[in-house]
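The chain contents come next:
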Amino acid sequence: MTSHLSSDLKKPLILAVCASMSFLAVFKTHKLKRHVHDCQEELEAMRSDAKRKDALISQLRAASVASNAEIQSLKELSASRLKESNRLERALSDCEAEWKKTRFELGSTRGQLQHHQTLLHAATVDLEEEQRAAKEVQSLLAERTGELTTAQAFLTTSDGVSGADVKDLVERLNADIFQTAAAISEFLEVKPEVVEHCDERAKDALTRYVGVALTELLQAPHSEFEFLVQIAIQTTLCRTAEYTSSSWTKAVESIEEASVVGMYDYVQKFEDPSVAGKWRSITRKCLSNVQDRDTWHQHSFNQMARALYEVLECLGVGTERAGKTVERFSDSIWTLAKKAMRLNTFIGEEVISSDLFIVCPRPGSPCREELLENQGDPGSFICTTDLGIAQVLREADGIAGRKVPVLKAQALWDSGLGDETSA
């Protein structure tokens, strides 16, 4: 029974032992698996760490290569700097030697400079003495030159221009006067009936410039009316040009021209013609210096423009149109005034050996027919259309005698006009 019981007890015990053994085996297996898993993770971590360390080693190797290259470059740069330093040291040594040499030369140059300054000072003193002497000589020379110039002004009796030059200038002035008068006449186209019915005031003003005969011809119906208008303008320009070219005082109102001309007549009575001519030349030059040429030119232009304006107004052109006409032809009038001024200088200052005057007989005044071209019957003179030039021959006592024409003046005679037409 005991054996049977023990047999029954062994089975559960064996089962229990087997179960325990099985559980222990499972536990150990699980523990072993977990240990294997931990080992694998640790192995993986070690592998990652190994890779990271490999990468770091690669970087360190690359950095080492770069450092080696930089070290090599620095070594080469250091060697180059060392060579440059050695060169600079040699150059500095050379400069110090050059500086010592230059300093020595500078000391020598300073000594020479002081010597030269001493010589220069002595030369300057000598130069100042010579300059003072030269100034004294120049002052004396200027004084003697002034005395000689003054004497020469009276001693020189040769003409500055020839008679041919004077004649040529008068001819060119006449040509310009003719062209200007023709252009103005063509521009205006004055109607005969306007002049025919002008009032007494306009008639008197027109007579003052062109004379009674031409004024009456302009107021009467005439076949050559346009030609007469041109002649009226031409005569007016001739008269004003004659005044400018003959004036002694050149528009200086403070000087009485008659008294100066009287003094010249007095000189001519007692002096040789060349001396009298030189007195005239010097006197007129002095009178020219009283007023500058620009002012004289403007005065001559104003006188010529004013006379033309008044004649145009008397011809019935009207105040406004007369002013515009004068303005339109102002350049031509300015040129006429300038040439008349030049003629004044020629006959008054440049010609010394002979006594010349402008021939421009005024309407209604006596005229010497031998000084005029286009002569008609005695008493038929109407007006002057072109200026002339003549020479006055003095008698032994200095009194003015015969007048010889150099260039005859052109005149309008009634024989040169056509017949009047009926109204």
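Residues numbered from 1 in each chain as written. Predicted model: local features only at pLDDT ≥ 70, side-chain atom pairs only at ≥ 80, totals over all residues. Heavy atoms only, no water.

How should I be thinking about the overall build of the protein chain in this particular structure?
Tallying secondary structure elements over the protein chain gives eleven helices and five strands in all. When each of the 423 residues of the protein chain is scored for burial, the buried share is 30%. Of the accessible surface of the protein chain, which amounts to about 27100 Å², a share of 56% is contributed by carbon and sulfur atoms. (Helix = DSSP H or I, 4+ residues; strand = E, 2+ residues; numbered from the N terminus. Buried < 20%, exposed > 50% of the residue type's maximum accessible area, 1.4 Å probe, protein only. Areas by Shrake-Rupley, 256 points an atom, 1.4 Å probe, with all protein chains shown as cover.)

Hey, could you run me through a nonpolar patch on the surface in this one?
Among the surface-exposed residues, L13, V17, M21, F23, L24 and F27 lie close enough to one another that they form a single nonpolar patch of about 620 Å² accessible area. Structurally, V17 is set in helix α1 (residues 2-155). (Patch = residues over 30% accessible without salt bridge, like charges linked within 9 Å, V, L, I, M, F, W, Y side chains within 5 Å. Salt bridge = Lys/Arg side-chain N within 4 Å of Asp/Glu carboxyl O.)

Just to check I follow, could you spell out the confidence of the model for the protein chain for this structure?
Segments scoring low in pLDDT should not have their predicted coordinates read at a detailed level. Of the residues in the protein chain, 81% reach a pLDDT of 70 or more, and the chain-wide mean stands at 80. Per-element confidence in the protein chain ranges from a low mean pLDDT of 57 for helix α3 (residues 192-196) to a high of 92 for helix α2 (residues 163-188). (pLDDT = per-residue confidence, 0-100.)

Mind showing me how you'd approach the pairing of strand β2 (residues 381-386) here?
Consecutive side chains of a regular strand alternate in pointing toward one face of the sheet and then the other. Burial within β2 is extensive, with six of its six residues counted as buried. The pairing of β2 with strand β5 (residues 410-413) spans four bridges and is classified as antiparallel. Along β5, the bridge assignment pairs C383 with L412. (Pairing = 2+ DSSP bridges.)

What's the story with the pattern of salt bridges in this structure? I'm lost.
Overall, the coordinates contain eight salt bridges when judged by the stated rule. A salt bridge links E84 to R87; the nearest nitrogen and oxygen atoms lie 2.4 Å apart. On the criterion of helical spacing, the pair formed by E84 and R87 is a turn pair, its members being three residues apart in helix α1. Judged by its relative accessible area of 40%, R87 is partly exposed.

Is there a simple way to explain the packing of α2 against helix α11 (residues 330-350) in this structure?
In helix packing, the relevant descriptors are the interaxial angle and the interaxial distance, both defined with respect to the helix axes. The geometry of α2 relative to α11 is characterised by a closest axis approach of 10 Å and an angle of 160° between their N-to-C directions. Comparing the axis directions of α2 and α11 gives the class roughly antiparallel. Read as a crossing pair, α2 and α11 show a hand that is left-handed. The segment α2 lies against α11, with D165, V166, L169, V170, R172, L173, D176, I177 and T180 engaging S332, T335, L336, K339, A340, R342, L343, F346 and I347. Within the contact of α2 with α11, the residues separate by chemical class into ten nonpolar, three polar and five charged. (Axes fitted to C-alpha atoms, helices over the stretch in contact; angles between N-to-C directions. Parallel < 35°, antiparallel > 145°, perpendicular 65-115°, else oblique. Left-handed = near helix turned anticlockwise from the far one by under 90°. Contact = heavy atoms within 4.5 Å. Nonpolar A, V, L, I, M, F, W, Y, C, P; charged D, E, K, R; others polar.)

Is there a simple way to explain the packing of aromatic side chains in this structure?
Each aromatic ring pair is summarised here by two numbers: the centre-to-centre distance and the angle between the ring planes. Enumeration over the complete set of coordinates arrives at two aromatic pairs. Plain terms: the ring middles of F187 and F329 are 5.9 Å apart, the flat faces sit at 75° to each other, and that makes the pair edge-to-face. Of the two residues, F187 is situated in helix α2 and F329 in the loop between α10 (319-328) and α11; the sequence distance between them amounts to 142 residues. Exposure remark for F187: the relative accessible area of 31% places this residue in the partly exposed category. A cation over an aromatic ring shows up here: R321 above the ring of F187, its NZ or CZ 5.8 Å from the ring centre. (Phe/Tyr/Trp six-rings, centres within 6.5 Å; stacked < 30°, edge-to-face > 60°. Lys NZ or Arg CZ within 6 Å of the ring centre and 35° of its normal.)

Sorry if this is basic, but what is going on with the nonpolar core here?
One broad trend across soluble globular proteins is that nonpolar side chains are buried collectively. Counting residues in each nonpolar core, the largest one holds 56 residues, and the members touching the most others are V166, L214, L218, L312 and L315. Here this core gets nine residues from one element, more than from any other, and that element is helix α6 (residues 225-246). Leaving out residues up to four positions away in the same chain, L312 has contacts with I184, L188, I233, V317, A322, T325 and V326. Ranked by size, the runner-up nonpolar core spans eight residues in total, among them A390, A409, A411 and W413. (Core = buried A, V, L, I, M, F, W, Y, C linked by side-chain atoms within 4.5 Å.)

Looking at this model, I keep getting lost on the side chain of T236. Mind explaining?
Structurally, T236 can be placed in helix α6. For T236, the residues in contact, after removing those within four places along its chain, are Y209, V210, A307, L308 and V311.

Could you clarify how one ought to interpret the packing of helix α9 (residues 293-314) against α11 in this entry?
Between α9 and α11, whose axes approach to 9 Å, the crossing angle comes to 125°. On the basis of their axis angle, the class for α9 and α11 is oblique. For the pair α9 and α11, the sense of crossing is right-handed. Residues R293, W296, H297, Q298, S300, F301, M304, A305 and L308 of α9 touch α11, and the partners they reach there are S330, I333, W334, L336, A337, K338, M341, N344 and T345. Taken together, the residues that form the contact of α9 with α11 break down as ten nonpolar, six polar and two charged.

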